[in-house]
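# Reading the structure
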Amino acid sequence: MTDNSIGKSAGGTLPAILVDLARNAPAMMWTFTATTFLSALLLFAIQPMFAKMALPVLGGSPSVWSVSVFFFQAALLVGYLYAHLLINKAPAHLTGIIHLAVCALAFICLPIGIATWVGEPPPGEPYLWQLGMFAASIGLPFVAVSANAPLLQAWFARSGHPDARDPYFMYAASNLGSLIALLGYPFFLEPTFGLSELKYLWAYTYVLLVLAIGSSFFLMRAAQASGVPETAATPASETVATAARPTWINRLTWIGLAFVPAALVTAFTVQTTTDVASAPLLWVIPLAFYLLTFVLVFRDEPLISREALLFLHLIALAVVLFALSQARNNPWMVTSLTGLAVFFTTAMLAHRTLYEARPAPAYLTEFYLLMSLGGALGGMFTALVAPKLFSEIYEYPLLLALSMACRPAAFRMPSDREKLKDELIMLWLIAAAGLLAIRELPDFAYNWLNVSPQWGRASVVIIPLACLLLAAVNHATRQVLIALLMCVALIWLPSNVHQSDPERPAQRSFFGVYRVQEAPDQAGTFHVLMHGTTLHGSQRFFDEDGKPVDDTVPTTYYYPGSPIAQTIAKRREILASQGQKGRYGIVGLGTGSSSCHKREGETWKFFEIDPTVIAISKNPKNFSFITKCQPDINIAIGDARLTVAKEPESSFDLFIVDAYSSDAIPVHMLTKEAVEMFLSKLKPEGVVLFHTSNRYLDLNSVLGAILKELPEGSAAAIAVTDHNASGGYGQSISSNVIFARSEAALQSYRSLQGVSDLDDGGLRAWTDDFSDIWGPFSNRLGGRG
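Residues numbered from 1 in each chain as written. Predicted model: local features only at pLDDT ≥ 70, side-chain atom pairs only at ≥ 80, totals over all residues. Heavy atoms only, no water.

For the rest of this paragraph, the subject is the overall build of the protein. Counting its secondary structure elements, the protein contains 26 helices and 12 strands. The C-alpha atoms of the protein give a radius of gyration of 29 Å, which matches the 28 Å a tight globule of 785 residues would have. Expressed as lengths along the three principal axes of its C-alpha atoms, the size of the protein is roughly 100 × 70 × 40 Å. A burial count over the protein gives 58% of its 785 residues as buried. Here the protein has roughly 31100 Å² of accessible surface; of this, 61% comes from carbon and sulfur atoms. Distance between charge centres in the protein, computed from 52 positive and 59 negative side chains, equals 5 Å. (Helix = DSSP H or I, 4+ residues; strand = E, 2+ residues; numbered from the N terminus. Rg over C-alpha atoms; globule rule 2.2 N^0.38 Å. Buried < 20%, exposed > 50% of the residue type's maximum accessible area, 1.4 Å probe, protein only. Areas by Shrake-Rupley, 256 points an atom, 1.4 Å probe, with all protein chains shown as cover. Lys, Arg positive; Asp, Glu negative; His and termini not counted. Charge placed at Lys NZ, Arg CZ, Asp CG, Glu CD.)

Within the structure shown, the criterion is met by 1 disulfide. Sulfur-sulfur distance for the disulfide between Cys596 and Cys629 comes to 2.0 Å. On the S-S bond that ties Cys596 to Cys629, the torsion sits near 90°, and the link is right-handed. Here Cys596 is found in the loop between strand 5 (583-587) and strand 6 (603-608), whereas its partner Cys629 is found in helix 21 (residues 625-629), with 33 residues between them in sequence. For Cys596, a relative accessible area of 11% translates into the label buried. (Disulfide = S-S within 2.5 Å.)

This next bit is on a nonpolar patch on the surface. A surface patch of nonpolar side chains, amounting to about 430 Å² of accessible area, comprises Phe311, Leu312, Ile315, Val319 and Leu470. If you tally residues by element for the nonpolar patch, the top one is helix 12 (residues 306-324), at 4 residues. Of note, Ile315 is situated in helix 12. (Patch = residues over 30% accessible without salt bridge, like charges linked within 9 Å, V, L, I, M, F, W, Y side chains within 5 Å. Salt bridge = Lys/Arg side-chain N within 4 Å of Asp/Glu carboxyl O.)

Bringing the sheet that holds strand 3 (residues 524-531) into the picture now. The strands making up a sheet associate through backbone hydrogen bonding, with each pair oriented either parallel or antiparallel. Read from one edge of the open sheet, 4 strands run 1-2-3-4, paired in antiparallel fashion. Edge positions in the sheet fall to strand 1 (507-509) and strand 4 (534-542), since each of these pairs with one other strand and no more. Looking at each pair of strands side by side, their axes are set apart by 25° on average, direction ignored. Where strand 2 (residues 512-521) and strand 3 come together, 8 bridges link them in antiparallel fashion. Within strand 3, the residue paired with Val516 across the bridge is Leu529. (Pairing = 2+ DSSP bridges. Axes fitted to C-alpha atoms, helices over the stretch in contact; angles between N-to-C directions.)

This part covers the packing of aromatic side chains. Under the counting rule described, the total for this entry stands at 34 aromatic pairs. Seen from their ring centres, Trp774 and Phe777 are 5.8 Å apart, and the 40° between their planes marks the pair as tilted. Within this pair, Trp774 and its partner Phe777 are both found in helix 26 (residues 774-781), separated by 3 residues, close to a single helical turn. A residue is classified by how much of its surface remains accessible, and Trp774, at 48% relative accessible area, is partly exposed. For Phe777, a relative accessible area of 10% gives the class buried. Three or more aromatic residues joined by ring pairs form one cluster here, namely Phe607, Phe652, Phe655, Phe678, Phe690 and Phe739. (Phe/Tyr/Trp six-rings, centres within 6.5 Å; stacked < 30°, edge-to-face > 60°.)

By themselves, these observations are geometric and do not establish any function.
Dropping the structure here:
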């Protein structure tokens, strides 16, 4: 048989070189593996890249990333569904042609960018708007690329290659490419190219991928045409779990085992980024560990034994649940590392079980489809359902508890009737004793065992339950129940951070979790606004003797004598000498404390992204600053990069930028472009003050680096630090940076207390194209900022 006749027997004329390559087993294997690898690179490079593009539109909330992850998981599901239908419904010789046509259609979305026709996000909770914007902007290319992994494996399984009996090894190549893309983005791609160049680089690489896909498909067709027997692609009974048709129990197991780690990676990321920053580095690290678990355990011989994995997971779970009950006593690094440990071991456990339950290659696309369904459901739960279902981030401890269900035999009950009866009785006893302990043990420990209340009521219950969890090592079902009881204790009982207040329950929005609490202080009793673990404002409601007071003196970072108050007073003094009252802009409302700095005749405008904050601050039962000082307050709702941009040029005398979510800073508000925007809105003698207090990042150096990047003579800046505050709820120590459009305009502010020159601390300036969290973080660890 000639090469040409071979080509025709495959349904069309194939070049002789393809037939020759198809007969070369290593060449075919490397072609498919390289195409899989390249596809994964593109698939996971686009995720942090496009989410970063969305920040200036959606704000710096951790929810931006969690909704982004859900979109990517849902789009991955669509891609896998398309691949499944294509492989099972379309004629074999047309599958590649159809897929290449879909890939070509995706070119209309390139280069990648936000679809401008979708408009601006609605105020409040833009969950659905974000999903729609992502779908309109990158939906087509993402779905086209996401379909490649199952398609390439299905084609390879039909190729007759000696390794076609079990093509799951290609999944490791896919995950290796994903890992390189994720870790390469913050450390190499963004610093080297920036977003503006990356979108074109992605488009060029996409062209290369489409060519590789075409080559892989036609190699497969040539291999079939070359007469390699079909039986070579049939799995051997000893190398694949089973060749039988999957049952519904199998399918539900695949979905459940994919659900828990996919939901947990998002919940853990939100928990972690709430107190630092919503930025690519902190996004990709948990996702990279998630993918690493596939590399480690999605193989015949896992790199970590099951026994070691079960032991590490159990210890990590007990430690992290205790750490959550002691959040105030544990630094961010401790809670983050312990959380990462239990998430990592959970994902390895679930994914190893998934690998062991994999079907024959005949059901490969269905397996990946149901895995992606579980992942999409997990993403939907954490991004969309949990914020509506829970007033706080309760999904995180809940998913930690459910991680016990990923352990082998977690729901296996004894087959013997008597043993089953005994096990059910034991489960009921554990549940009853656990609930009784949650209700009564804290009071008993405080009153009879002299346990300090500083431990928190939740910790008193978590410790004995953790011991019981470790003791039940040979009873997986009991461990699931005990872990759920530990979750109930965390949710039901107050920790030493989250003191419950039935009259003012926590409120949750797209931008975070807020709690208004009563807190004693040497000056009296305050109402305080907590956002995550960070104080975001306070007001004194009772004096030292417990008598009600009507106190509207600004507090925390705005107290009289603070750098912010001094800056307002200095600007007011300069304007008064010119017979003017002035126009003031405040980015970030908080409790409304700053509103009480307003004087008659002045024009004040606030810019706040979260309607929930507005509702909290306007309620006089929470805080009375606004109702007493500015009842007709003017507030523009939306991200300040969008709302401030609409203001007239050179129209403000003073801007104060205090836009934080917990301690997490919205990166897009501290870029070179953001600073230039605020400066452009100032009058020639005006100034903009950035409040830079942060426990984890050296933001002063970030702004110092930006100052060096601005055109010479277009701006001047100083740092202003307050070390004189009492540190109570009435006065908070703060760091600030003041920018002006000229050195002459800044000169008057050099007389403020705590002024110092601004330097870059060895950092590179943040821009809309590039931001680096590690530099400011390491500076802060070293004592700068």
